[in-house]
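Notes for the structure review
Residue-level listing of the chains:
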Amino acid sequence: MKRILLIAGHGNGDSGAVGNGYKEAELTRDMVELVKAQFDGYANVTIADTSKNWYQYIVKQGNIFNFKNYDYVLEIHFNAIKEDKGDGKTKGTEIYVTKAEKGTAVETNIVNNISALGFANREVKKNNYDLIKYIKNQGVSSALLEVCFIDDADDMDIFVAKKKDIAKAIADGIVKGF
């Protein structure tokens, strides 16, 4: 059985992005719980300590953590660009892997599944964001998912109405990808 670690973006006093009355740190905590619930019987899923801002804890503070106990690590975030009160178009979902990642089947499945729920598909992108790079340097595949744009009213209308479906879309993408 696959061992998956879910990291809720932001924490330890960092609210992350804000928009439309929401705080990213609160949404990510809710989302990791919903995603974990979808894996019953398919994978061993752990939620990383949600009181920590894992980026700060590892990258900025220099703490060491052994991610080798996991087959896959997914860091969940919500994006923000410029508050949009609603123009009838979603800004969408996207996911990042490191430049060293060879395959992106899992990540492609995740964004395809989420975009099928009504979000624009911003696709899989490669960027050496510090935390996923730290994890990949330990030999573990990882990704940073931007579920949708917290400051886009159209994105948040869909998210609120379909957050359980989004959690299922994420879990299904991981299961199918493996």
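Here's a quick rundown of the structure. (Residues numbered from 1 in each chain as written. Predicted model: local features only at pLDDT ≥ 70, side-chain atom pairs only at ≥ 80, totals over all residues. Heavy atoms only, no water.)

**Topic: the sheet that holds strand β5 (residues 72–79)**
Our working definition: Two strands pair if DSSP finds at least two bridges between them. Secondary structure is summarised from DSSP: a helix means a run of H or I of at least four residues, a strand means a run of E of at least two, and numbering begins at the N terminus for each. Comment: axis = line fitted to C-alpha atoms, over the contacting stretch for helices; angle = value between 0 and 180 degrees taken between N-to-C directions. Two residues qualify as a contact provided that any one of their heavy atoms is within 4.5 Å of a heavy atom in the partner residue.
Spatially, β4-β1-β5-β8-β6-β7 is the arrangement adopted by the six strands of the open sheet, whose pairing is mixed. Edge positions in the sheet fall to β4 (43–47) and β7 (121–126), since each of these pairs with one other strand and no more. If you compare each strand with its neighbour and ignore which way they point, the axes differ by 20° on average. Of the pairings in the sheet, the one linking strand β1 (residues 2–8) to β5 comprises five bridges and is parallel in character. Bridge pairing in β5 links Ile7 to Glu75. Relative to the sheet, helix α1 (residues 24–37) contacts β1, β4 and β5, its axis offset from that of β5 by approximately 140°. Together, β5, β6 (93–97), β7 and β8 (141–149) form the strand contacts of helix α3 (residues 105–115), whose direction differs from that of β6 by roughly 170°.

**Section: the pattern of salt bridges**
Under the convention used in this document: Any Lys or Arg side-chain nitrogen found within 4 Å of a carboxyl oxygen on Asp or Glu counts as a salt bridge.
By the definition in use, this model includes seven salt bridges. Look at the salt bridges and you will find they share partners, linking Glu94, Arg122 and Lys125 into a network.

**A look at the pairing of β5**
Rules: Whether a residue is buried, partly exposed or exposed follows from its accessible area with a 1.4 Å probe, protein chains only, as a fraction of its type maximum: under 20%, in between, or over 50%, in that order.
A large share of β5 lies buried, amounting to eight of its eight residues. Taken together, the seven bridges between β5 and β8 define a ladder with parallel strand orientation. Looking at β8, one finds that Asn79 is bridged to Phe149.

**A few points about the environment of Gln38**
Residue placement: Gln38 occurs in the loop between α1 and β4. Sequence spacing of Gln38 and Lys168 is 130 residues, and the spatial spacing of their C-alpha atoms is 6.0 Å. In this structure, Gln38 is in contact with Ala167, Lys168 and Ala171, ignoring residues within four places of it in sequence.

**What to know about helix α5 (residues 153–177)**
Along an α-helix, a turn takes 3.6 residues, which lines up residues three or four apart on a common side. Let me state the cut-off plainly: In this analysis, the expected span of each helix is defined as 1.5 Å times one less than the number of residues it contains. Take the seven residues that end at a residue and the seven that start at it, fit an axis to each, and the angle between those axes is the bend at that residue. The term polar contact refers here to a pair of N or O atoms within 3.5 Å; inside protein, the definition further demands a hydrogen-donor-capable atom paired with an acceptor-capable atom, and it admits residues adjacent in sequence only when both atoms are side-chain atoms.
Compared with an ideal rise of 1.5 Å per residue, which puts 25 residues at 36 Å, α5 spans 31 Å between its outermost C-alpha atoms and falls more than 12% short. Its maximal kink placed at Lys162, α5 deviates by approximately 80°. Capping the start of α5, Asp152 holds a side-chain oxygen 3.2 Å from the backbone nitrogen of Asp154, two or three residues further along.

**Comments concerning the packing of α3 against α5**
As a reminder of what qualifies: Under this scheme an angle from 65 to 115 degrees is roughly perpendicular, one under 35 degrees roughly parallel, and one over 145 degrees roughly antiparallel; angles in between are oblique. A clockwise turn of the near helix away from the far one marks a right-handed crossing, whereas an anticlockwise turn of less than a right angle marks a left-handed crossing.
Two elements in contact, α3 and α5, have axes separated by 8 Å at closest approach and are oriented at 150°. Between α3 and α5, the crossing angle belongs to the class labelled roughly antiparallel. In this structure, α3 crosses over α5, and the sense of that crossing is right-handed. For the pair α3 and α5, contact is made by Ala105, Val106, Asn109, Ile110, Asn113 and Ile114 and by Ile166, Ala169, Ile170, Asp172, Gly173, Ile174, Lys176 and Gly177, respectively.

**Quick notes on the packing of aromatic side chains**
For any pair of aromatic rings, the description rests on two quantities: the centre-to-centre distance and the angle between the ring planes. The following threshold applies: Only Phe, Tyr and Trp rings are paired, with Trp represented by its six-membered ring, and only when their centres lie within 6.5 Å; those with planes under 30 degrees apart are stacked, over 60 edge-to-face, the remainder tilted. Distance and angle both matter: a charge sits over a ring if NZ of Lys or CZ of Arg is within 6 Å of the ring centre and within 35 degrees of the ring normal.
Scanning all chains against the criterion turns up eight aromatic pairs. Ring geometry for Trp54 versus Tyr57: centroids 5.4 Å apart, planes at 70°, classification edge-to-face. Here Trp54 and its partner Tyr57 are both found in helix α2 (residues 54–60), three residues apart, which amounts to about one turn of the helix. Centre to centre, the rings of Phe67 and Tyr134 are 6.0 Å apart; their planes meet at 80°, and the pair counts as edge-to-face. One end of the pair, Phe67, is in the loop between α2 and β5; the other, Tyr134, is in helix α4 (residues 130–136), and 67 residues separate them in sequence. Overall, the relative accessible area of 0% leaves Phe67 in the buried class. The class for Tyr134 is partly exposed, based on a relative accessible area of 23%. Within the aromatic cluster, the residues linked to one another by ring pairs are Trp54, Tyr57, Phe65, Phe67 and Tyr134. Just above the ring of Tyr57 sits the side chain of Lys52; from NZ or CZ to the centre is 3.9 Å.

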